[in-house]
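An overview of the molecular structure
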Amino acid sequence: MTLGRKYQNSSGNAGEARKVYANQSNVGTLSGCSSSLSLSEMIEPPDYEQMCEHVMGEGDPLAYPENDFEVLTIPRRIRTINHILPDEDLSKAPMFVRDCISSYTSDFTVVEYKYRAHSGSAIGRERLSERIEKLLSAPQHQYEVDAEQSTSTEELASQNFESQPSSGRQSVASISSSSSCNETLTPRGSWASLDLRSSSSDPLLPDLFEKKPPDQIDAINEAKRLENRQADLMGLYAPYLDEEEAVERRLAAELPAEMLGHRILVVCHQLKLELDVEPLFASMALYDAKEKRKLSENFYFNLNSECTRQMLSAHVPHADLSTLSRSAVFDIHNPTPDIFIVVRVEKVLQGDVNECVEPYIKDDKNREKVRAGAAAACARLGRYRMPLAWSAVSLLSVLSGAGDTPQDPPTPSPNTNSLDRKASGGSLEGLRRRAGEVGGSLSRKGSVERRAPPDDVLTHIDTFKPIAITVTSFFKQETDKLRDEDLYKFLAEIKRPSSAPKKLKCIPGTLKIEVSPAPDEIRNGLTPELAKLQPYGDENVRPCKEILPFPAGAGGGAAPHTHYRNLLFLSVRDINLTAYTARAGSARNITVRIQLMAGEEQSAALPNIFGRSSCPEFSTEAYTTVLYHNKNPSLYDEVKLKLPADLGDHHHLLFTFLHVACQRKPADHEKNVETPVGYSWLPLCRNGKLSSGEWALPVMSEAPPPNYSYIFPDVQLPGTRWIDNHRPLFNIALDPHTTVHPQDSFIERFAMACEAVIEGNIPPRIGLANMESELRTSMAELGCGAAEALARHLPVLADALLRLLTAPPALGPQPLNIAQDAFAALAHLFATVTNMNEGSTCDAHGRSGLVSAYITYQCRMPRPSARDAHVGLPLPPEALIDGSCKILHEEIALQWVVASGTTRDLAMHNSWALFELMVKSMGEYVWRSAGGGADTPRRARFPDHFTDDVAALVGNVTAEIIARYGKDSRLTQSLNNSLAFFLFDLLSLMDRGYVFNLIRTYHKQMCAKIASLPDAVPLVHYKLSFLRIVCSHEHYVSLCLPPPPLSPAAPPPTRPPASSASTTASEDGRRLATLSVDFRSRHYLAGLLLSDLAAALDLQSPVLQCAAVSALAGLLSAHDADPRLARPELRARVAQLYLPLLTIAMDVQPRLHRAAAAPKDILQLDGEMSQFGAFNPATTPEEFKQGGRAAFNSETSRNLVTCVVWVLRWAERGSLHACLQDLAPPRLYSFLQLIDLAFAAHEYKGRKEIMKCAQQNVRKTTDIKAKLEDVILGQGSARSDFIMRRKGAYQSGSSGRGGAGRERWRKEWVRGAARSRPASPARPLPALAQALAAEVALVLLHALEALVQASSGLEWGGVACGGALSVLVRALQRHQSTVVLQHMFATVRALILKLGWSCVSAERGPALCRVLLRHCAALAGVTRAHAAATLYALMRQHYHLGNNFSRVKMQVTMSLSSLVGTMASLSEESLRRALKTVLTYAEHDHDLAGTSFPEQVKDLVFNLHMILSDTVKMKEFQEDPEMLLDLMYRIARGYQHSPDLRLTWLSNMAQKHMERSNHAEAGMCLVHGAALVAEQLRARGRGAALLARVTHNALDESAPDPAIHHLGAIELQALLEHAAGELMAAGLYETVNELYKVLIPIAEDARDYKKLANIHGKLNEAFTRIEQLAGKRVFGAYFRVSFYGARFGDLSGEEYVYKEHALTKLPEIFSRLENFYGQRFGAENVVIIKDSNVVDVATLDPDKAYIQITYVEPYLEPHELRVRTTHYERNHNIKRFMYATPFTADGRAHGELAEQCKRKTILTTAHHFPYVKTRIQVVQRTTIILTPIEVAIEDIQKKIHELAAATGQEPPDSKMLQMVLQGCIGTTVNQGPLELAQVFLAPVVEGTQPATRLTNKLRLSFKDFSKKCHDALKKNKNLIGSEQREYQRELERNFARFTERLAPLIAPTATHAQHLAHGVTKTDYKFQA
């Protein structure tokens, strides 16, 4: 297509510019493209218009509809009965005013796309909520995990599952004896079998015994699976999709409507003072005390009685109904806790306010006099007012009274809602005290802030309960504090409790008002302009007025105006007439008469001043309040005026200053009540600009001269007299609230220039010659105006620019050449509005909601006035001969193409708006030019020059994206998305083949650039976003030319198909399953999407991977939401488009995210699927990692897997079978792995886990998100701004104060909008998660069945069948719903029949048996029934195969043992019922009744039941760790001949020890397991003896003959390594060495040098620790524990040695056991015996439980001590313990040295410590009694050892040495060493006793003791410093005295040798003393 051609009828040199640009654009191609991607490989798109006719017939439901859009006229919605229009003649009004009114009253023209709601771009949160509500209405799925997590499992089970009647038996634990804790095996009794027989079973499956062919079984299973299925799979998954990734979401423009805030209705019921003698006039308004501004206009109301009202009849001729209103609706745009409702009360002018108030405050007895004075004042001065009182009510107090829960607020008592204020306490303090209260029941907490957090209370502003408020007194209005500034101070004091408010006088009275949320419809409502609201009821009913809010800033907010409003509020600030002097009198009682004048005569006063209350609706004048005798009054008056639409220079405000004579004068002196004292005026309009703001006006002392109204009063006219020398004396403020006066100089200049050029009214100050320049300048500067003002007048300004663009006016014969200026101004206008408030009005794409609403609804397209003869497309050239108008979209395209410089940049920055404007113009053009239809052939709709421009424009924008993506990411992202949406829209309007070529152009340019860059992540992301947007088209499926429906084929055959229909289906399936060139060309968009997906997954960018997969997931979600695709056969055709996804997913399957595996037991059977059969995968995850290919993140993986599930869900059966049949074994493995990962990705985690995540409100903040923000979007992008704002909105809340400031314009703030819009589900609901998991599981189950059927009869069919069973077993290990489990078990039974023996192979059987038993313990009866039936089918099938099912028996037994040891929530009652069901099946199986099978089943079931019974007992002692481990040990011992099961229980014991940090015992359990394996393998010819040096207990695992087992060297190595780790943690480093001595030869034999290196590293660490901790190591503490009492059962009388953690003290174990058994038996029934004496059982209370606890130490014989030299050796492999008990011969525990004896008790345990348990039973007790001299010898030898240790310590420790010395020689009394010598050696020296072997031993001990003391002293002397010299000398003196006194006692005597051979028996010790 060429760009250089003459543009017909174009003005100026636009055509030449196009030629120049075309030549330049041909040069600007991309260069330097060193690409591996050949651009010639870009797939050519199909000629869609031609192909669609051949491929898709007319009746095809997926065909593109003929007319899919129409142009509609939507009536403008207005709230009033009729449009609000001015009363004046509009022909005299300025053109801008006329344009505004025309814009506000015209209807909307909308291009309506009939099917756009089905587009992915239109599916927003509202649609998602509707989908979810529909999905939640389906029957819910029940999950076992929710029953397990329930606090009352039994209750939940009884509700959700079928009831489980009790079998009527006691607990197994109560029947079985507790003696199971001893070391002997209790024989299993017959009670277990009797108990099982008495149990009840679940219902039997009727068809279990029926013999059917496999095909029929598969067909039955499939039919059941398809019942009650969920069609909207992606709807269930939609809440998991990232909303921020949905770049295709384009928010639909909201219908322009009047912006409303939070509306409250205030109804006034009563206003009267205690002295009710005269009429009162009240006004009410809202004030913000913190911001110090008024929030609303005044609402005037009058509650006077009829007789009181008659007092003013002379001054008020009549009262219009609109002024009788007593209810008002206040609009609050930004609710804060500082808002007050302020009520002011006025009365008729009477005199000094202090005198007037006095009767109201005091109880004046002369009321009649007061009444007469008031009546006289009303008759004479009825038109004048004076301020009287005021009061205020805090809005926060109103809301607080509504309670915290708007749904169900507390019912107030009759006096609750009353702000009672008594006159006695009347002060500001009283009001302040009640500002935070709403009645007696709402107690005050100190302040409003403390009483209720504002953010919490303000959320109820639309939902609070109506509340009646009674104010019982008013504050007197001080005349010197009338200004608003004074009011704000008072309000601040009311709110602040800590301040000391000034005292104010109170006036007793009553004000009763009712405050409530305003209803959506107000009956008899009036707008601020007094227009009637719909619906308006009875004309005779008092109306309710809407009160105009005063928003912050220059009026009106930022939303475009929607209706005519032209109001002016005049606020009188103050008057200063102190300088006034006149002979006639003084000016003291001053009022100002205000008039709106249309001329200078009094008759020109306009009746445009709104009346207040009980008066005419409009008047020609208004008077301010009067302050008695005040020449300088400050006032608060507010006058509301209606401005004329034809406002001109002659309109002005006239102010007449009057003195009012309050005192009645004699009749002959009083002519008039009022006397004019001055005049001033203010022109309202100059040069089309409305006057506003603060004004300080001088006052003229005489009537103004003629023509005064055309000049401002600040100009001193000659010959005029002014008060105070023309100084400004009168201060006022003008606050216009108008929608026809822009009050912006730039807009006003543009409006004036347009009017001058179009209507020919050229101002003389500009002149004709300068008019074109003025127009261009005004257009160029228009965008510089205030953004808010431009936004408020956006429709009017944009329409004007469009008129100038398409129909430029003429100044003379030739039209102005201003198209480029208008185009630039339009782009500038859009840019300013879009960037307003930092883009707060924009969506995620940076699209301004205001601009979007204008284009969609308010834009009035200029179009040529074509005649009927010209109807048709494209319009012929002669249609434009009259030059009335050019085509808008053609002009925009042309101007954009030829634009350069700033204009081009502006257009690029606002591309989205210009594109959408073009699209709307094109839609209207096609519709109107074709005679109201769009049936013109697409190729003939638009002229060639326009298509050329569009092609050039697409190339331009693409080049701009490529050129600037690294410099301005915000711009390039916006451009990219805008271009995508433009092409998206063009698909509905233009030749679709042409649009495909535009898409190809974009892709070609982007791919060329991407290929030339080393890192092109942003560009690839743009490309993905572009395609995602285009593919979200509502007719995407039709655009992809889906394959025609396949002819119905027979069910998939078990062998390769032979029929022609099936062959065709298979060929189509194979063709569609690959991403071939033919596929990509035929299905162009789908091919592009899948190609980009495959390419993105191949890149190393998580951002791109996530984006590509999210795009596909979003598209599939839109398919499921599309009701046009509801029929399954249509979904199947759509799924054909995505069949290549299966290949893509299998290619990347090793990189899919796998959840981190939890720490597992070494024999756990739930590990990763290791193999499916006799083939290997093509590529493993490890190989991918080694190749540098990182795994996908969890979100990407889950989304991709979900897309695969969708394809499997809807793929046509024959095509899917054909795809699966073509899979080679490695690909088959990948497919099965994919299915398994899909099961894992969609596992239901349980309600508790889901709600926990929901409460935490987890939002994703991953590194990928950070990259997406920073790298792709860049800082400050519109999208990132939007994301940050949305995050802020979520954090601050939608109604909180923090989110209200900048977001106030939003529709959510319109009251009722938030409620009408369904809330977005922040997190997936549990019910949705349940349904999703169930539906995915059924789809995957169907895929597995399809795989099995497709592979039937093929070479690898058996392998596929086994792999499917493995995947299914792993799925059964996860949480599944009861419905899904039924179908899964049916499939398992079918696979059992097909697989035969292989289903119980070593790899597959244990897991299958375990999962069946696990579900046999389910709470749901139907699950139990199916599991039991499947278990029986497994046994039955294997008995059929070989008349024996021993392997099944072994695997089932092992599985149950493993299951009950690890499953904490196992229901033994359910499992017992399942076993009974299996037994019942065996009894009813008539086919096998005559065989041994039923008896074998019974034996197996009874054995399983006994294992279960042991488990019940274990559960009873779950809280008693010692008893629990005793039971587990007993069960393990019971499997002495079943190594596998014994190993399982040893592993379970190790796990329990690990939980309690008993690492030594856990290690010993693993060592025993290793010894068991070694024994079975006869490892190295020694078996268990290999580990004897590790623990002597290892020999317990010795066995005479090896049993049947499945253990090998791998298990042995794993056990040894695991044991070494636990023992290392326990600090048994020497034991680790011994373990590795066993492991090293095994590793050496295997040449496993890596493991050897690891082992030696661990040994190095162990030996290093031994060296580092030398002398500092501590081992376990041991205690003897004996139990006495019948409460202990068989434990009574038993004695154990307990091993506790190191450094455990006696009180700690006292406390532990006392607390535990105290909770069990009652604290009063447990007694701890703290001494170690022998217990006399006969003296104990039989009803109590006694526990005796004694500290014991390891005991070693002397010969053992010589061998065991280290601290470790003396604490390892020990089984003898000793404790000592002191006593005397007379029974006392302690006595004199010569009497003190000691009893040593030595206990021997059954096994050596450390052991597999922490307590071991005592099997032997030995007692040794020491005589007094032996006790003395032991004590002296102990001190000798202490001295030796302290002396030989390296490095030396002086403190320890001195402590030991002090205890040895520092003690001279109290049974010290010297006294021992005196008692036992002195009699020998004296000759009173003969020497014996013991006395000689004691003598030698003392000699050794003395020597050690001398050595210690000597060493201490070398260690001490100078400060301890004296201490050393004292020790030496003590030692000298000691040796001096000891010397005679230890010297050998003459008779000593004679007695050495003699000995004294222990029975004669008392005679030797």
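As the structure is a computational prediction, the values presented were derived from the model and not from experiment. (Residues numbered from 1 in each chain as written. Predicted model: local features only at pLDDT ≥ 70, side-chain atom pairs only at ≥ 80, totals over all residues. Heavy atoms only, no water.)

1. A few points about the overall build of the chain
A tally of helices and strands in the chain yields 68 helices and 32 strands. Here the chain holds 1969 residues, and 56% of them are scored as buried. Roughly 81500 Å² of accessible area belongs to the chain as shown, and the carbon and sulfur atoms make up 52% of that amount. (Helix = DSSP H or I, 4+ residues; strand = E, 2+ residues; numbered from the N terminus. Buried < 20%, exposed > 50% of the residue type's maximum accessible area, 1.4 Å probe, protein only. Areas by Shrake-Rupley, 256 points an atom, 1.4 Å probe, with all protein chains shown as cover.)

2. Concerning the pairing of strand E9 (residues 385-394)
Here E9 lies mainly inside the structure; 10 of its 10 residues are buried. Bridge count between E9 and strand E10 (residues 467-476): two bridges; the pairing is antiparallel. Its bridge partner being in E10, Trp-390 is matched across the sheet by Phe-475. (Pairing = 2+ DSSP bridges.)

3. Let's talk about the pairing of strand E15 (residues 590-597)
Of all eight residues making up E15, eight are buried, and the element is well covered by its neighbours. Side chains Ile-590, Val-592, Ile-594 and Leu-596 of E15 all project onto a buried face; the interleaved residues Thr-591, Arg-593, Gln-595 and Met-597 project onto the opposite face, where all are buried too. Taken together, the eight bridges between E15 and strand E20 (residues 652-660) define a ladder with antiparallel strand orientation. Pairing of Val-592 across the sheet is with Phe-657, part of E20. In the sheet, E15 pairs with strand E18 (residues 622-623) via two bridges, with the strands oriented antiparallel. Looking at the pairing, Arg-593 lines up with Tyr-623 of E18.

4. Topic: the environment of Ala-1562
With respect to the helices and strands, the residue Ala-1562 is situated in helix H57 (residues 1559-1577). Ala-1562 sits 251 residues away from Lys-1813 along the chain, and the two C-alpha atoms are 8.7 Å apart. For Ala-1562, the residues in contact, after removing those within four places along its chain, are Ala-1550, His-1553, Met-1554 and Glu-1622. (Contact = heavy atoms within 4.5 Å.)

5. Here's the deal with the packing of aromatic side chains
Scanning all chains against the criterion turns up 46 aromatic pairs. Between the aromatic rings of Trp-681 and Tyr-708, the centroid separation amounts to 5.1 Å while the plane-to-plane angle is 70°, which identifies the pairing as edge-to-face. Of this pair, Trp-681 sits in strand E21 (residues 674-683) while Tyr-708 sits in the loop between strand E24 (693-698) and strand E25 (728-738), and the two are 27 residues apart along the sequence. Aromatic pair Phe-1777 and Phe-1809: ring centres 5.6 Å apart, planes at 80°, arrangement edge-to-face. Of this pair, Phe-1777 sits in strand E30 (residues 1774-1783) while Phe-1809 sits in strand E31 (residues 1797-1809), placing them 32 residues apart in sequence. Phe-1777 sits in the buried class, given a relative accessible area of 0%. By way of ring pairs, the aromatic residues Phe-1683, Phe-1688, Tyr-1696, Phe-1716, Tyr-1717 and Phe-1721 are connected into one cluster. One residue, Lys-642, lies across the ring of Phe-618, its end atom 4.4 Å from the ring centre. Between the NZ or CZ atom of Arg-1198 and the centre of the ring of Tyr-240, over which it lies, the distance is 4.5 Å. (Phe/Tyr/Trp six-rings, centres within 6.5 Å; stacked < 30°, edge-to-face > 60°. Lys NZ or Arg CZ within 6 Å of the ring centre and 35° of its normal.)

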